[in-house]
Amino acid sequence: MSESTASPAEGDGPILEMRGITKTFPGVKALSDVNLSVDRGEIHAICGENGAGKSTLMKVLSGVYPHGTYEGEIVLDGAPASFRTINDSEARGVVIIHQELALVPYLSIAENIFLGNERRRAGEFIDWNRTNTAAAELLARVGLTESPTTPVSTLGVGKQQLVEIAKALSKEVRLLILDEPTAALNDQDSEHLLDILRRLREEGVTCIIISHKLGEIAAIADRTTIIRDGRTIETLDMAEPESTQDRIIRGMVGRSLDNRFPDRTPVIGEEVLRIEDWTVHHPTQPGRVMVDKANLNVRAGEVVGIAGLMGAGRTELAMSVFGHSYGRDISGRVLVHGREVSVKHVSNAIDAGIAYVSEDRKQLGLNLIEDVRRNTSAAGLPKLSRAGWVNEHEELRVAEEYRESMGTRTPNVLVPVGKLSGGNQQKVALSKWIYTDPEVLILDEPTRGIDVGAKYEIYTLINKMVADGKAVLVISSELPELLGICDRIYTLAAGRITGEVDVASATQEGLMSLMTQEADA
Amino acid sequence: MTTIGNLKDLITQNVRSSGIAFAFVVIVGMFAFMTDGRLLSPGNLSNLVLQYSYILILAIGMLIVIVGGHIDLSVGSVVALTGAIAAVVVVREGFPWWVGVLAAVATGLLIGVWQGFWVAYVGIPAFIVTLAGMLLFRGLTLLVLDNMSLSPFPGEYGQIGRGFLNGLLGGYGYDTLTLLIFGIAVAGYAVASYRNRRAKLSYNQDVEAIWLFAAKIVLVAAVVMWFAWQLATSRGLPIVLIVLAALIIAYTMITKHSIFGRHVYAIGGNLAAAQLSGVRVKRVNFLIFLNMGFLASIAGIVFSSRSNAAQPGAGEMFELDAIAACFIGGAAVTGGIGTIPGAMIGGLIMAVMSNGMSLLGVDQSVQQVVKGLVLLLAVGFDIWNKKRAGARTA
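Residues numbered from 1 in each chain as written. Chains lettered and ligands numbered in written order. Predicted model: local features only at pLDDT ≥ 70, side-chain atom pairs only at ≥ 80, totals over all residues.

**Side note on the overall build of chain B**
Part 1 of the reasoning: Helix and strand content of chain B: 16 helices and two strands.
Part 2 of the reasoning: Over its C-alpha trace chain B gives a radius of gyration of 22 Å, about what one expects of a compact globule, namely 21 Å for 394 residues.
Part 3 of the reasoning: Expressed along its principal axes, the backbone C-alpha trace of chain B runs to roughly 70 × 60 × 45 Å. (Helix = DSSP H or I, 4+ residues; strand = E, 2+ residues; numbered from the N terminus. Rg over C-alpha atoms; globule rule 2.2 N^0.38 Å.)

As structure tokens, this is what we get:
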């Protein structure tokens, strides 16, 4: 960054103005005449449903979509900006941190921070002293106490996120864009991240934050711009008393969501799934117990929740039940409709009528290079085939049927799943498992990273499943969600089931105290 | 939709999805022109089939290996070892030709079990397992053959790789049987396409206009029958072509329509997701290598039959030709993407270039340089093409 651009006029006029941005892909108008104005030193939130155009707008701003591929103009610090690459935008102090972190796991924190922007001496050699001292200073600014030489792979997601921010700071960032920064973080890490953002605001860094967590936006944003269907709807001043979460939701979905959870009258039948004395050990650290003698059951027509903090063993419990997909030295019994079943392999679990929709859609749930059709049929191929041969016409029909009934937004079912938005990917993942016609569905964080409108659709789908007599087990970090959709909730702490609460008598505070119960307390 | 629009759509779609097929047509045209048509002469065409059939057979297995996210460096050595076993049984021990064939296939299957075990159940990367296999099976070939060539094979064995079906229904300057078999094949293709089109319609799927559909069939029929005519007026129908055609059809069906085929693509596309969808990953990986061993033994039989000998150095570098065929044909290095027809066209591109350059008297050294560059350019073009398509639809 050269000296001439480093000292723009402070304090007057917005730092960023995007005017009349229109971006068209073949057949789709992703953005249509979008206007965005961001003031100097504010935290500006952008809200919108999946596919509303938030990420596209940020890609236009950061030069991922080069100047000339969109209409409209961008004015940064009063001067027009026509970025052709990300490097162009970073040179003007615009840095974007994507939802999927882009750190190299085996390199140290310091190496990651200065990757591509190395502190050099004598031309091509790295000045390690300068690198590590500078990194330590940046880490202090984001509240990390780790040594700069720590490999990134040893850090949790929350700390990795902070390293990303430190990396942005090293580029002398003036406008920091965060895309869903807290989607993968627990409450404590999220809170810490928001604190850091507040501190950066005091230091004069302007922030654009894309988030689905409205509570978070209410807590941190100065102003919020709402985007719907590729258009700017309005910009709310969050200091105004009428800028409530409900107000934002109304703007995002274009209707008022009085109830965030669809109504359901539970019709509860016989027990479908019972897990007895389920114990699971860590896959690589023998002797470390991840799930400790867990007992639980789910009945037909019932939605049962599992609440627990990060590391409590929620996903470990679910994945070990689903075909021993996690852990070793697994003991205990799994019963479906009162009969003990083997779950040694995923295909046994599927045959027994168990389905597991993974928390991590991209890594564990879907084959992103394959199309919607093949992903929909991936787990239910036996249903589509005779003697090992797949009926492809039937497969296409099934995929179309599920696209319609689930309301998946895609031009057709031959589009690679990787090109869909998060909410629509989740609908494909659900389709895949509902098509296997399971008795019990285990949904691991079914609404993570998807917007309010799509969440409501997912809840409606859950209600439809239990209305059909299925049993549903939901794992979620969001207590209001569990309280909103479940009939019963188990709490999990350090691998042990610490409580079983009927939803009628459950409160967030009560659950939280069970979730934080110490072992042998 | 208008006729012109329909045609334009078809062309742009096909250039994008099968740019490699167009490249093949261009390369054939270029060499046909440069060799004054000698490339497409009846004698040369049947030579081409005989000479490259074993690479194409290997490429079928290799494509499945690559789509599954693996690689197999050992197939050249396996070709040598299976050929050597056949030679020991038939030439040295004097058993009938079919015992030799069975022994070779059994050897290939055993090798498949061996490599499949290490890759699938022990979890060693295929690159390492098959690199070890490349050394191992070459060494065993030398041991079995005492470091010398074994020849000649008796007549029947030689027929597999060198023989022709000719004159069975009488010849009139052309072989009736060849034309008849090709005629039946073309008719079968037309009927199958028509039934597929009808099934699509009954499921309310989009199909191309009927005249376009008909034109496509007529074009394919014309090219195939012309090829048949060339063979019929030369030496007749090569037996190895029948083997190859049967394998291509069977494996295209398996990769496209069978559960096993789907599972291979699922594993290559996202291993963890496949596992969590109930795919028995170990078994599928094991079968991939078992199958590769089987096809390598077929290639070993064809090759030893054609060269009428088992040689210690047989099959060297075959693995690289087979791998190149797959990548030229659009397979992805990371797995999950690739088709049998693509790999076959990739193999044919290599074959036509080698053959064409030999006809032109180009030196072997230059041939290697050109083939290397073509591999690089073909994959480079493919990546560029995908990026362009991606930029338009992202």
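There's plenty left to go through after this.
**Some thoughts on the overall build of chain A**
Part 1 of the reasoning: Regarding its fold elements, chain A presents 19 helices and 24 strands.
Part 2 of the reasoning: Projected onto its principal axes, the C-alpha positions of chain A cover 75 × 50 × 50 Å.
Part 3 of the reasoning: The burial tally for chain A puts 46% of its 521 residues in the buried class. (Buried ≥ 20, exposed ≤ 12 C-beta atoms within 10 Å, placed from the backbone.)

**Thoughts on the environment of Ala218(A)**
Residues and elements named next belong to chain A.
Part 1 of the reasoning: Mapped onto the fold, Ala218 is located in helix H8 (residues 214-220).
Part 2 of the reasoning: As for Ala218 and Thr244, which are separated by 26 residues in sequence, their C-alpha atoms are 7.5 Å apart.
Part 3 of the reasoning: Once you skip the residues sitting within four places of it in the chain, Ala218 turns out to touch Met238 and Gln245. (Contact = placed C-beta atoms within 7 Å.)

**Re the packing of helix H11 (residues 259-269) of chain B against helix H13 (residues 281-307) of chain B**
All names here are of chain B.
Part 1 of the reasoning: Where H11 meets H13, the axes come as close as 10 Å, and the angle between the chain directions of the two elements is 105°. Put simply, H11 runs roughly perpendicular to H13. Seen from H11, the contacting residues are Phe260, His263, Val264 and Ile267; seen from H13, they are Val281, Val284, Leu287 and Ile288.
Part 2 of the reasoning: Partitioned by chemical class, the residues of the contact of H11 with H13 number seven nonpolar, one polar and no charged. (Axes fitted to C-alpha atoms, helices over the stretch in contact; angles between N-to-C directions. Parallel < 35°, antiparallel > 145°, perpendicular 65-115°, else oblique. Nonpolar A, V, L, I, M, F, W, Y, C, P; charged D, E, K, R; others polar.)

**Details of the interface of chain A and chain B**
Part 1 of the reasoning: Listed by partner, the interface residues are 29 residues for chain A and 25 residues for chain B.
Part 2 of the reasoning: Those elements that place two or more of their residues in the side of chain A that touches chain B are helix H11 (346-351), helix H12 (361-365), strand S20 (389-390) and helix H15 (392-406) of chain A.
Part 3 of the reasoning: Sorting elements by how many residues they give to the side of chain A that touches chain B places H15(A) first, with four residues.
Part 4 of the reasoning: When the residues that make up the side of chain A that touches chain B are grouped by side-chain class, the tally is 15 nonpolar, ten polar and four charged.

**Re the sheet that holds strand S23 (residues 488-493) of chain A**
All names here are of chain A.
Part 1 of the reasoning: What the six strands build is an open sheet, ordered S18-S21-S22-S15-S23-S24; its pairing is mixed. The outermost strands of the open sheet, each flanked by one partner alone, are strand S18 (354-357) and strand S24 (496-502). Taken over all neighbouring pairs, the strand axes of this sheet differ in orientation by 20° on average, direction set aside.
Part 2 of the reasoning: As paired elements, strand S15 (residues 303-308) and S23 share five bridges and run parallel to each other. The residue of S23 that forms the bridge with Ala307 is Thr491.
Part 3 of the reasoning: The sheet strands contacting helix H17 (residues 452-467) are S15, strand S21 (440-444) and strand S22 (471-476), and the helix crosses S22 at an angle near 150°.
Part 4 of the reasoning: Where helix H19 (residues 508-515) meets the sheet, it contacts S15, S23 and S24, and its direction lies at approximately 35° from that of S23. (Pairing = 2+ DSSP bridges.)

**Brief notes about the domain arrangement of chain A**
Residues and elements named next belong to chain A.
Part 1 of the reasoning: Along its sequence, chain A is carved into domain 1 (1-93 + 208-258), domain 2 (261-353 + 438-521) and domain 3 (369-436).
Part 2 of the reasoning: For domain 1 and domain 2, the distance between their C-alpha centroids amounts to 38 Å.
Part 3 of the reasoning: Here the residues of the side of domain 1 that touches domain 2 are counted per class, giving four nonpolar, two polar and one charged. (Domains from an automatic or database assignment.)

**Remarks on helix H9 (residues 210-232) of chain B**
All names here are of chain B.
Part 1 of the reasoning: Taking 1.5 Å as the rise per residue, H9 with 23 residues should run 33 Å; its terminal C-alpha atoms sit 32 Å apart, in good agreement.
Part 2 of the reasoning: When we look at burial in H9, the residues that qualify are Ala228, Leu231 and Ala232.
Part 3 of the reasoning: Buried-residue contacts for H9 involve helix H3 (42-67), helix H8 (176-202) and strand S2 (237-238). (Expected span 1.5 Å × (residues − 1).)

**Topic: unusual backbone geometry**
Part 1 of the reasoning: Omega for the peptide link from Ser151(B) to Pro152(B) comes to -10°, which places this bond in the cis form.
Part 2 of the reasoning: Here Pro152(B) is to be found in the loop between helix H6 (126-145) and helix H7 (155-162).
Part 3 of the reasoning: Backbone geometry at Glu445(A) places phi at a positive 50°, although glycine is not the residue there.
Part 4 of the reasoning: With respect to the secondary-structure elements, Glu445(A) resides in the loop between S21 and H17.

**Some words on the domain arrangement of chain B**
Often the size quoted for an interface is simply the accessible area lost on bringing the parts together.
Residues and elements named next belong to chain B.
Part 1 of the reasoning: If you check the domain split of chain B, you get domain 1 (40-166 + 238-317) and domain 2 (169-234).
Part 2 of the reasoning: Relative to domain 2, the C-alpha centre of domain 1 lies at a distance of 29 Å.
Part 3 of the reasoning: Tallying contributions element by element places H3 first for the side of domain 1 that touches domain 2, with four residues.
Part 4 of the reasoning: Of the residues that constitute the side of domain 1 that touches domain 2, the class distribution is three nonpolar, three polar and no charged.

**Here we look at the environment of Ser304(B)**
Residues and elements named next belong to chain B.
Part 1 of the reasoning: Looking at where Ser304 falls in the secondary structure, it is placed in helix H13.
Part 2 of the reasoning: Classification of Ser304 as buried rests on a count of 34 C-beta atoms within 10 Å.
Part 3 of the reasoning: When the C-alpha positions of Ser304 and Ile160 are compared, they lie 9.5 Å apart, and in sequence the two are 144 residues distant.
Part 4 of the reasoning: When sequence neighbours within four positions are dropped, the list of residues in contact with Ser304 reads Gly83, Ala86, Ala87, Ala309, Ala310 and Ala314.

**Re helix H5 (residues 128-141) of chain A**
Residue and element names in this part refer to chain A.
Part 1 of the reasoning: In a regular helix each residue adds 1.5 Å, so 14 residues correspond to 20 Å; H5 covers 20 Å between its end C-alpha atoms and thus fits that length.
Part 2 of the reasoning: On its buried face, H5 sits against helix H4 (109-113), strand S8 (125-126) and helix H6 (157-170).
Part 3 of the reasoning: The positive-phi residue at the C-terminal boundary of H5 is Gly143, with phi of around 75°.

**Describing the sheet that holds strand S13 (residues 271-281) of chain A**
Residue and element names in this part refer to chain A.
Part 1 of the reasoning: Strand order in the open sheet formed by four strands is S14-S13-S16-S17, with antiparallel pairing between adjacent strands. With one partner strand each, in any of the chains shown, strand S14 (289-299) and strand S17 (339-341) form the two edges of the open sheet. When strand polarity is set aside, the average angle formed by the axes of neighbouring strands in this sheet is 15°.
Part 2 of the reasoning: With six bridges joining them, S13 and strand S16 (residues 328-336) adopt antiparallel strand pairing. Opposite Leu273, over in S16, you have Val336 as the bridge partner.

**Things to note about the pairing of strand S9 (residues 175-179) of chain A**
Residue and element names in this part refer to chain A.
Part 1 of the reasoning: Among the five residues in S9, four count as buried, and that is most of the element.
Part 2 of the reasoning: As judged from the four bridges shared by strand S6 (residues 94-97) and S9, these two strands associate in the parallel manner. By the bridge assignment, Ile97 is partnered in S9 with Leu178.
Part 3 of the reasoning: In this sheet, strand S10 (residues 206-210) lies alongside S9 in parallel orientation, the contact comprising five bridges. Paired with Leu178 across the strands is Ile209, a residue of S10.

**Concerning the nonpolar core**
Part 1 of the reasoning: Formed by 172 residues in total, the largest nonpolar core has its most connected members in Leu58(B), Ala59(B), Leu63(B) and Cys326(B).
Part 2 of the reasoning: Per element, the largest residue contribution to this core is 14 residues, and it comes from H3(B).
Part 3 of the reasoning: The contact partners of Cys326(B), leaving out residues within four places of it in the chain, are Ala59(B), Met62(B), Leu63(B), Ile66(B), Ala331(B), Gly338(B), Ala343(B) and Gly346(B).
Part 4 of the reasoning: Listed in part, the 67 residues of the second largest apolar core include Ala45(A), Met58(A), Val173(A) and Leu214(A). (Core = buried A, V, L, I, M, F, W, Y, C linked by C-beta atoms within 7 Å.)

**Examining the pairing of strand S3 (residues 43-47) of chain A**
The two faces of a sheet get side chains in turn, since along a regular strand they alternate between them.
Residues and elements named next belong to chain A.
Part 1 of the reasoning: The buried fraction of S3 amounts to five of the five residues, a majority that puts the element mostly inside the structure.
Part 2 of the reasoning: Note: S3 against S10, four bridges, orientation parallel. When the sheet's bridge partners are listed, Ile46 is paired in S10 with Ile210.

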